[in-house]
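Listed here are the chains, written in short residue letters.
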Amino acid sequence: GGDKPKHFFQAGGTMIVDPTTPPDSGRVKLQLINLEMVEVTIFADYHSVPVTDGACYESAATIALETAACVPECGDHACGPDGCGGECGAGCATGSCALDGAMCLEAPAACHRLELGGEVDNLTPGVYRLPLTELGLGAVGQADFLQIEFYQKATGTFGLGAVPNDDYATCNQCVRVVLDGEREFFQKSGTMILSSDSDPIGDPDAPPAGAITVRFADLELEEVVISDDGEYHSIPVVGGACIEIDFDGPLKTPPPPAP
C-alpha cells in the first residue's frame, strides 16, 4: 500500500516446467523448488541490483503454479487460431484463412484492406502499439494490435520492403500486426515517414518518453511465421493472407500531460 513498492528477484532455486506447457504455449504448469528471492532495484535498463541489507524471501516448500484450462473459442469458425494454440476446423489445405476465421480463401486471395488512425502508446523503449481488438479483425477476439518498433534513433523516410527492413531479424523500422495473440503479419512493402521532431527510442519509464509522428504510404503486410531459433526471422507463410493499411492521418503518441 505504500508509494514505493518493493521488488524481489530470484536468487536461487529450481523451476520445473511441465513438458505439456512449453513457455510459448500461452499456458503454464510449473513447480518452484527451494525458491530464494532478494530485494532489488530495477533500473531503466532493466538490470536488477540487490538492495544493500534488503529484505529476502525463502520457501523450502514446493510451489505449484498452473493456469486454468484453456477453452477454445471457435464457435462456427472454419479455420484460424482457436485461442488455445490450436486450429479451428480442419484448417486450410490451400490458400489462407480469412482474418475472422469464417472461411478459407483460395490463393491468391485479395489483401484485406484496413483503415486506421489515432494515438499509439509507448510501451517500452522503441515500441509503440495501436490496439485493434475492438475492430473484430481476429477470429477469437483477443490481443489484436498494430505494433511499430524502432531499433535506430534516426528520423526521415524509410523503405519497409528493402534490406534491412525486409526481415524482422534485421529491421530498424518495423511494423507488425498481430491477430488473436499469435497470427503474425510483417511489412512487405511501403514507406515510413518519421517526423524530424520524433524521438523513437524514448523510455516511458524514464522520461522523456518516446514521442513520434509517423506516416505511411502504400503499406502492405504479409502473413509470416517468426522463427523461434533466437534470431526472429520473419518467414512468409506460403499462400498466407495479407493486409493493406490506409491511414486517415499520422499516428502519434499522446501529448505530454500539462505540468
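Look above for the structure.
In this report, the structure presented in the accompanying data block is examined. Values in this document were obtained by computation on a predicted structure and should not be read as measured data.

### Remarks on the environment of Thr 67
Part 1 of the reasoning: Examined against the element boundaries, Thr 67 turns out to sit in the loop between strand E5 (63-66) and strand E6 (96-97).
Part 2 of the reasoning: In this view, Thr 67 contacts Arg 27 and Val 28; residues no more than four positions away in its chain are not counted.

### Things to note about the pairing of strand E13 (residues 173-179)
Part 1 of the reasoning: Taking burial as the measure, the seven residues of E13 include seven buried ones, the bulk of the element.
Part 2 of the reasoning: Of the two faces of E13, the one holding Gln 173, Val 175, Val 177 and Leu 179 and the one holding Cys 174, Arg 176 and Val 178 are both buried throughout.
Part 3 of the reasoning: Where strand E11 (residues 145-150) and E13 come together, six bridges link them in antiparallel fashion. Along E13, the bridge assignment pairs Phe 145 with Val 178.
Part 4 of the reasoning: Two elements, E13 and strand E14 (residues 183-194), share four bridges in a ladder whose sense is antiparallel. Residue pairing for E14: Val 177 is matched across the bridge by Phe 185.

### Re a nonpolar patch on the surface
Part 1 of the reasoning: On the surface, Val 225, Ile 235 and Val 237 cluster together to form a nonpolar patch covering roughly 230 Å² of accessible area.
Part 2 of the reasoning: The topology assignment puts Val 237 in the loop between strand E16 (234-236) and strand E17 (242-247).

### Quick word on the side chain of Glu 220
Part 1 of the reasoning: For Glu 220, the location among the structural elements is in strand E15 (residues 213-226).
Part 2 of the reasoning: Among the residues examined, Glu 220 registers a relative accessible area of 16% and is labelled buried.
Part 3 of the reasoning: Setting aside its immediate chain neighbours within four residues, Glu 220 contacts Cys 111, Phe 186, Gln 187, Lys 188, Ser 189, Cys 242, Ile 243 and Glu 244.

### Focus on the nonpolar core
Part 1 of the reasoning: If you look at the biggest cluster of nonpolar residues, it comprises 29 residues, and the most contacted ones within it are Leu 146, Val 177, Met 192, Phe 216, Ile 245 and Leu 251.
Part 2 of the reasoning: Of all the secondary-structure elements, those providing two or more residues to this core are strand E8 (112-116), strand E10 (127-131), E11, E13, E14, E15 and E17.
Part 3 of the reasoning: When near neighbours in sequence (up to four residues on either side) are disregarded, Ile 245 contacts Leu 114, Leu 116, Leu 146, Val 177, Leu 219 and Leu 221.
Part 4 of the reasoning: Judged by nonpolar contacts, the second largest core, of five residues, contains Tyr 168, Cys 171, Cys 174 and Val 224.

### A few points about the side chain of Gln 173
Part 1 of the reasoning: By the secondary structure assignment, Gln 173 is in strand E13.
Part 2 of the reasoning: Setting aside residues no more than four positions away along its own chain, Gln 173 makes contact with Glu 149, Phe 150, Gln 152, Phe 158, Leu 160, Asn 165, Gln 187 and Met 192.

Analysis parameters
- Residues numbered from 1 in each chain as written.
- Predicted model: local features only at pLDDT ≥ 70, side-chain atom pairs only at ≥ 80, totals over all residues.
- Heavy atoms only, no water.
- Helix = DSSP H or I, 4+ residues; strand = E, 2+ residues; numbered from the N terminus.
- Contact = heavy atoms within 4.5 Å.
- Buried < 20%, exposed > 50% of the residue type's maximum accessible area, 1.4 Å probe, protein only.
- Pairing = 2+ DSSP bridges.
- Patch = residues over 30% accessible without salt bridge, like charges linked within 9 Å, V, L, I, M, F, W, Y side chains within 5 Å.
- Areas by Shrake-Rupley, 256 points an atom, 1.4 Å probe, with all protein chains shown as cover.
- Salt bridge = Lys/Arg side-chain N within 4 Å of Asp/Glu carboxyl O.
- Core = buried A, V, L, I, M, F, W, Y, C linked by side-chain atoms within 4.5 Å.

So far we have only geometry, and geometry alone does not tell us how the molecule works.
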